[in-house]
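Read off the chains here:
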Amino acid sequence: MKDKQSMKVVITGGAGFLGQQLVRALCARGKLTDADGKERTIGQIVAVDQSQSGKLFVDDRVGYVVGDIAAPGFVDHVMEADTESVFHLAAVVSGAAEADFDLGMRVNLDGTRAILNACRLQRRPKLVFASSVAVFGGDLPAVVTDDTQPTPQTSYGVQKLISELLIGDCTRKGFIDGRCVRLPTIVVRPGKPNAAASSFASGIVREPLAGEIAECPVDIDTGMWVLSPQSAVAAFIHAHELPSAAWGLRRAINLPGLTVTVAQMLEALRAVGGDAAVARVKMQPDERIRAIVRTWPARFVTPRAAAMGFTGDTDVESIVRAYAREYATALPASS
């Protein structure tokens, strides 16, 4: 039986890469603050995902549930009446949401609504939402600031922005204590490529370091706003732990990141894996991917995030080296 003094945490997308990183980090941390600002022991983590594959993190506090967050009643059953914190990471990624409008709407929007409705049965839980810089697009300034108006140009970006607005409104109504963090492109993700338009950003590092060919669908001078998985997970937890007053009426924030081009990523790859790794990257233009990526901003200034204590990465080579230390298997002997 769960200790009444401990907390129950629900993580959607909990079997995915970032979800698993967050599960590990929360177990290592052991405590979170509740809606009243009181530090509590984490007694139970429920990791929810549409499927489970690969090796999952095992801990007595962690339980895994398979299901569709948009299915009627499913989220209510998972959360029951004792959930005090929710990390909402589950989503249909950008390329898939653009290719299948109905799927994106059902998971990214209807799923978020189901979670918000379930939260209304709780005691004003904290909710951290993984949003995206894809909420920006179109005719943007050269540098996106904290005051730049979101104008998404993809279905994924629209769905993320609508979810942000709903979370802000539910916070205003007192149903939840919501916090939305707009993620840059996350690099480097291990595992297989996914349907995200940004998947190539990890692939042009991951596959060459594993001795495999990678295709780059965008121009070599294409810029991206990026963040490491480690910094993303740290941001989720920091967003959760900030007092509600620190957020004020603005419940979404642009996270710090790095502006890097494909060329700069390849130079970081060269520094870690040598010329042979870079030679495995083949430029293979894909207009569908290029059209999506072109809508995303690549340069930000994030003073609000800095003032609230969020931190990013120092340089892209450090990100590539961190990935190589943990995952890569085909590095030259000199590395």
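To be clear, the structure that these remarks concern was listed above.
Right, let's walk through the structure included here. (Residues numbered from 1 in each chain as written. Predicted model: local features only at pLDDT ≥ 70, side-chain atom pairs only at ≥ 80, totals over all residues. Heavy atoms only, no water.)

### A closer look at the overall build of the protein
Moving on, step 1. Of the regular secondary structure elements, the protein holds 12 helices and 13 strands.
Moving on, step 2. In summary, the protein has a C-alpha radius of gyration of 19 Å against a globular reference of 20 Å for 335 residues, a match within 12%.
Moving on, step 3. The principal-axis extents of the C-alpha atoms in the protein amount to approximately 55 × 45 × 40 Å.
Moving on, step 4. The 335 residues of the protein split such that 56% are buried.
Moving on, step 5. Counting only contacts in the protein whose residues sit at least 6 apart along the sequence, the fraction spanning at least 24 positions is 77%. (Helix = DSSP H or I, 4+ residues; strand = E, 2+ residues; numbered from the N terminus. Rg over C-alpha atoms; globule rule 2.2 N^0.38 Å. Buried < 20%, exposed > 50% of the residue type's maximum accessible area, 1.4 Å probe, protein only. Contact = heavy atoms within 4.5 Å.)

### Section: helix 12 (residues 316-326)
Note on helix geometry: an α-helix contains 3.6 residues per turn, so any two residues three or four positions apart are oriented the same way.
Moving on, step 1. Listed as buried for helix 12 are Val-316, Ile-319, Val-320, Ala-322, Tyr-323 and Ala-324.
Moving on, step 2. Buried residues belonging to helix 12 abut helix 6 (199-209), strand 12 (258-261) and helix 9 (262-279).
Moving on, step 3. Its side-chain oxygen at 3.2 Å from the backbone nitrogen of Glu-317, Asp-315 defines the N-terminal cap of helix 12. (Polar contact = N/O pair within 3.5 Å; in protein donor to acceptor, adjacent residues only side chain to side chain.)

### Some thoughts on the nonpolar core
Moving on, step 1. Of all hydrophobic cores here, the largest spans 38 residues; its most connected members are Phe-200, Ile-204, Val-205, Leu-209, Val-262, Met-265 and Leu-269.
Moving on, step 2. When residues of this core are traced back to their parent elements, those giving at least two are helix 3 (94-99), helix 6, strand 10 (223-227), strand 12, helix 9, helix 10 (287-293) and helix 12.
Moving on, step 3. When residues of this core are assigned to their parent elements, the largest contribution, eight residues, is made by helix 9.
Moving on, step 4. Aside from chain neighbours lying at most four places away, what touches Phe-200 is Glu-215, Cys-216, Pro-217, Val-218, Met-224, Val-262, Ile-289 and Val-293.
Moving on, step 5. Counting 35 residues, the second-largest nonpolar core is a separate cluster that includes Val-23, Leu-89, Leu-227 and Ala-305. (Core = buried A, V, L, I, M, F, W, Y, C linked by side-chain atoms within 4.5 Å.)

### A short note on the pairing of strand 7 (residues 177-183)
Moving on, step 1. Counting buried residues in strand 7 gives seven out of seven residues, a clear majority hidden from the surface.
Moving on, step 2. Pairing geometry for strand 6 (residues 126-132) and strand 7, over seven bridges, is parallel. Counted as the bridge partner of Ala-130 is Val-181 from strand 7.
Moving on, step 3. Note that the unit made of strand 6, helix 5 (residues 155-172) and strand 7 has a crossover that is right-handed.
Moving on, step 4. Bridge count for strand 7 against strand 11 (residues 252-254) is three bridges, and the pairing is parallel. Bridge pairing in strand 11 links Val-181 to Ile-253. (Pairing = 2+ DSSP bridges. Right-handed = clockwise from strand over helix to strand, strands pointing away.)

Geometric descriptors of this kind do not, in isolation, establish any biological role.
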